[in-house]
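Each chain, letter by letter, is given below.
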Amino acid sequence: MKKLTLEEVAKLAGVSRATVSRVINNPASVSPDFRSRVQKVIDETGYRPNLAARTLASRRSQTIGLIIPSVTQSVFGDPYFAVLIEGISRACNLHDFTLALFLFHSEDESHRVYERALSTGLLDGLIVAADKIIDPLIPQLIARQILAVYVGRPPDVSQTSYVDVDNISGSFLAVSHLLRLGYQRIATISGPQDSAVGIDRRAGYVKALKQRGREIDESLVVEGDFCRDGGYTAMRQLLSQEPDAVFAASDTMAFGAIQAIREAGLKVPDDIAIVGFDDLPLAAQCDPPLTTIRQPVRRNGMLAVETLIEMLETAPHPPRHIVLPTELIIRSSCGALTR
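Values in this document were obtained by computation on a predicted structure and should not be read as measured data. (Residues numbered from 1 in each chain as written. Predicted model: local features only at pLDDT ≥ 70, side-chain atom pairs only at ≥ 80, totals over all residues. Heavy atoms only, no water.)

A.B. asks: Looking at this model, I keep getting lost on the sheet that holds strand β2 (residues 98-104). Mind explaining?
C.D. replies: Within a sheet, adjacent strands bond to each other through the backbone by hydrogen bonds, running parallel or antiparallel. Ordered by their spatial adjacency, 6 strands build an open sheet running β2-β1-β3-β4-β5-β11, and the pairing between neighbours is parallel. With one partner strand each, in any of the chains shown, β2 and β11 (321-324) form the two edges of the open sheet. Put simply, the sheet's adjacent strands are angled 20 degrees from each other on average, direction ignored. Inspection of the sheet shows strand β1 (residues 63-71) paired to β2 by 6 bridges, in the parallel sense. Bridge assignment links I67 to a residue of β2, and that residue is F102. (Pairing = 2+ DSSP bridges. Helix = DSSP H or I, 4+ residues; strand = E, 2+ residues; numbered from the N terminus. Axes fitted to C-alpha atoms, helices over the stretch in contact; angles between N-to-C directions.)

A.B. asks: Explanation requested: a nonpolar patch on the surface in the structure shown.
C.D. replies: Taken together, I133, I134 and I199 make up a surface patch of nonpolar side chains, about 280 Å² in accessible area. Inspection of the secondary structure puts I133 in the loop between β3 (125-129) and α8 (137-143). (Patch = residues over 30% accessible without salt bridge, like charges linked within 9 Å, V, L, I, M, F, W, Y side chains within 5 Å. Areas by Shrake-Rupley, 256 points an atom, 1.4 Å probe, with all protein chains shown as cover. Salt bridge = Lys/Arg side-chain N within 4 Å of Asp/Glu carboxyl O.)

A.B. asks: Help me understand the domain arrangement of the protein chain in this model?
C.D. replies: Reports often express the size of an interface as the amount of accessible area lost when the parts come together. For the protein chain, the assigned domains are domain 1 (6-49), domain 2 (63-164 + 298-324) and domain 3 (167-295). Measuring from the centre of the C-alpha atoms in domain 1 to the corresponding centre in domain 2 gives 35 Å. (Domains from an automatic or database assignment.)

A.B. asks: Would you explain the sheet that holds strand β8 (residues 245-248) in this entry?
C.D. replies: Reading across from one edge, β7-β6-β8-β9-β10-β12 is the order of the 6 strands in this open sheet, with mixed pairing throughout. At either end of the open sheet lies a strand with only one pairing partner, and these are β7 (221-223) and β12 (327-329). Ignoring strand direction, the axes of neighbouring strands in this sheet form an average angle of 20 degrees. Looking at chain direction, strand β6 (residues 186-190) and β7 are connected through 3 bridges and run parallel. Considered in β7, the bridge of T188 is made with V221. Along the sheet, helix α10 (residues 196-211) contacts β6, β7, β8 and β9 (273-278); its crossing angle with β6, the most-contacted strand, is approximately 170 degrees. (Contact = heavy atoms within 4.5 Å.)

A.B. asks: Where do I start with the pattern of salt bridges in this structure?
C.D. replies: Side-chain pairing between opposite charges can occur once the charged atoms of the two side chains come close. Tallying each qualifying case throughout the model produces 15 salt bridges. R90 is the salt-bridge partner of E86, the closest N and O atoms lying 3.1 Å from each other. Taken together, the residues E86 and R90, both in helix α6 (residues 79-94) and 4 residues apart, mark about one turn of the helix. On the basis of relative accessibility, which here comes to 39%, the residue R90 falls in the partly exposed class. (Buried < 20%, exposed > 50% of the residue type's maximum accessible area, 1.4 Å probe, protein only.)

A.B. asks: Looking at this structure, how should I read the nonpolar core?
C.D. replies: Note on soluble globular proteins: their nonpolar side chains tend to be buried together. By size, the foremost hydrophobic cluster in this structure holds 44 residues, and its most contacted members are M235 and I274. Put simply, the parts of the chain that give this core at least two residues each are α9 (167-180), β6, α10, β7, α11 (228-239), β8, α12 (251-263) and β9. Of the residues forming this core, the biggest block, 7 residues, is contributed by α12. The contacts of I274, once residues within four sequence positions are left out, are V246, A254, A257, I258, I261, V268, L290, T291, S333 and C334. Core analysis: the next-biggest nonpolar cluster, separate from the first, contains 32 residues, I64, C92, F97 and M302 among them. (Core = buried A, V, L, I, M, F, W, Y, C linked by side-chain atoms within 4.5 Å.)

A.B. asks: Any chance you could explain the packing of aromatic side chains here in plain terms?
C.D. replies: Each aromatic ring pair is characterised by the separation of its centres together with the angle its planes make. Under the definition given, this model contains 2 aromatic pairs. Seen in terms of ring centroids, Y80 and F81 are 5.3 Å apart; in terms of plane orientation they differ by 75 degrees. Their pairing is edge-to-face. The pair Y80 / F81 is uniform in exposure class, with both members buried. Summarising the aromatic geometry, the rings of F104 and Y114 are spaced 5.9 Å apart at their centres and angled 90 degrees between planes, so their arrangement reads as edge-to-face. (Phe/Tyr/Trp six-rings, centres within 6.5 Å; stacked < 30°, edge-to-face > 60°.)

A.B. asks: When you look at the state of the cysteines in this model, what are you seeing that I'm missing?
C.D. replies: Per the stated rule, a full pass over the model turns up 0 disulfides. As a non-bridged cysteine, C286 has C334 as the owner of its nearest cysteine sulfur, 11 Å distant. For C286, a relative accessible area of 18% puts it in the buried group. (Disulfide = S-S within 2.5 Å.)

A.B. asks: Honestly, α11 in this entry has me stumped. Any pointers?
C.D. replies: Count 3.6 residues to each turn of an α-helix, and residues three or four apart come out pointing the same way. In this model, α11 (12 residues) spans 17 Å end to end at C-alpha, consistent with the 16 Å of a helix rising 1.5 Å per residue. Buried residues of α11: G230, G231, Y232, A234, M235 and L238, and no others. In this structure, the buried residues of α11 make contact with β6, β7, β8 and α12. (Expected span 1.5 Å × (residues − 1).)

A.B. asks: Mind showing me how you'd approach the environment of I134 here?
C.D. replies: Looking at the secondary structure, you find I134 in the loop between β3 and α8. Since its relative accessible area comes to 74%, I134 is described here as exposed. Distance in space between the C-alpha atoms of I134 and C334 is 36 Å, their sequence separation being 200 residues.

A.B. asks: When you look at the packing of α11 against α12 in this model, what are you seeing that I'm missing?
C.D. replies: For any two helices packed against each other, one specifies the inter-axial angle together with the distance between the axes. α12 packs onto α11 with a crossing angle of 45 degrees between their chain directions and a minimal axis gap of 7 Å. Here α12 runs oblique to α11, going by the angle between their axes. For the element pair α11 and α12, the recorded crossing hand is right-handed. Residues R228, G231, Y232, M235, R236 and L239 of α11 touch α12, and the partners they reach there are T252, M253, F255, G256, A257, Q259, A260, I261 and E263. (Parallel < 35°, antiparallel > 145°, perpendicular 65-115°, else oblique. Left-handed = near helix turned anticlockwise from the far one by under 90°.)

A.B. asks: Whenever I open this one, unusual backbone geometry confuses me. Can you help?
C.D. replies: Note: most peptide bonds trans; most residues except glycine with negative phi. Residue V268 is joined to P269 through a cis peptide bond whose omega torsion reads 5 degrees. Relative to the elements of secondary structure, P269 occurs in the loop between α12 and β9. Its identity as a non-glycine residue notwithstanding, Q145 has a phi of 55 degrees, on the positive side. According to the relative accessible area criterion, Q145 is exposed, its value standing at 74%. Positive phi outside glycine occurs at E242, with the angle close to 55 degrees. Among the residues examined, E242 registers a relative accessible area of 62% and is labelled exposed.

This is how it looks when you write it as structure tokens:
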């Protein structure tokens, strides 16, 4: 069957071309009778709208870009991103948007990828996974008036929209739990200190200790990179300081820390307790199951898309800041009894 035009669909349905267009683009504006007649023809003929023509008419491409400012190896090696992308793609599908993913294999390549994403002209907006305190994307997005929503708190919140969780409160919950259980030498494998999330999760660790009148022992604070290898390396460094508990600022780093503890001939939680952050699907399945701070990673991604779509449909659109709560999930990687 040849590809039908809008006019031919209108003729078969016995309605005007404008009515067919409204059924496709704004069905609520068409009476049920006309809508039913047009939909019947569409279903029977397999008609598909001309996307290019719709884009020209509406000035919308129904395409959202996703930029993750990390090299490809990190993106596909970190289960956090898999859950985040799942939430973003699910929301795009629910709202009939196409998702375009922009990735790079090296830092040198990142500038070309950013430029391609910003200059394509085919995106309605961008979702950006917040990463660095110094983010070269933000001034470019503002200068080019490109709508964007960050997942995670970006460095400049005055002109940017974001969806995030309360990272300080979450890490405070984690360390407070260890303190209640009676642990004395509580270490942390923090996130990188050139990222807002890394800074905030370390701040929650410090806040919990100070609230209990504890001094901060810098030998028990080691910076990680949110990757499994980073958690493994940091834990090997911490072992010489003989901590009895560790707060890892991500589940992925916690998994690496558990591996290092085992290789040292020690047990979790008998010798060293571990608490993570994220509550990724693997957290409940690892051995032992990981006590962690649950953040709604999938929901964060969905909310970022929904927020971007709302901004596309309303004007003006001042920056929107959404901060979600976290939850302590207690499993067996911490001792169950107060020491």
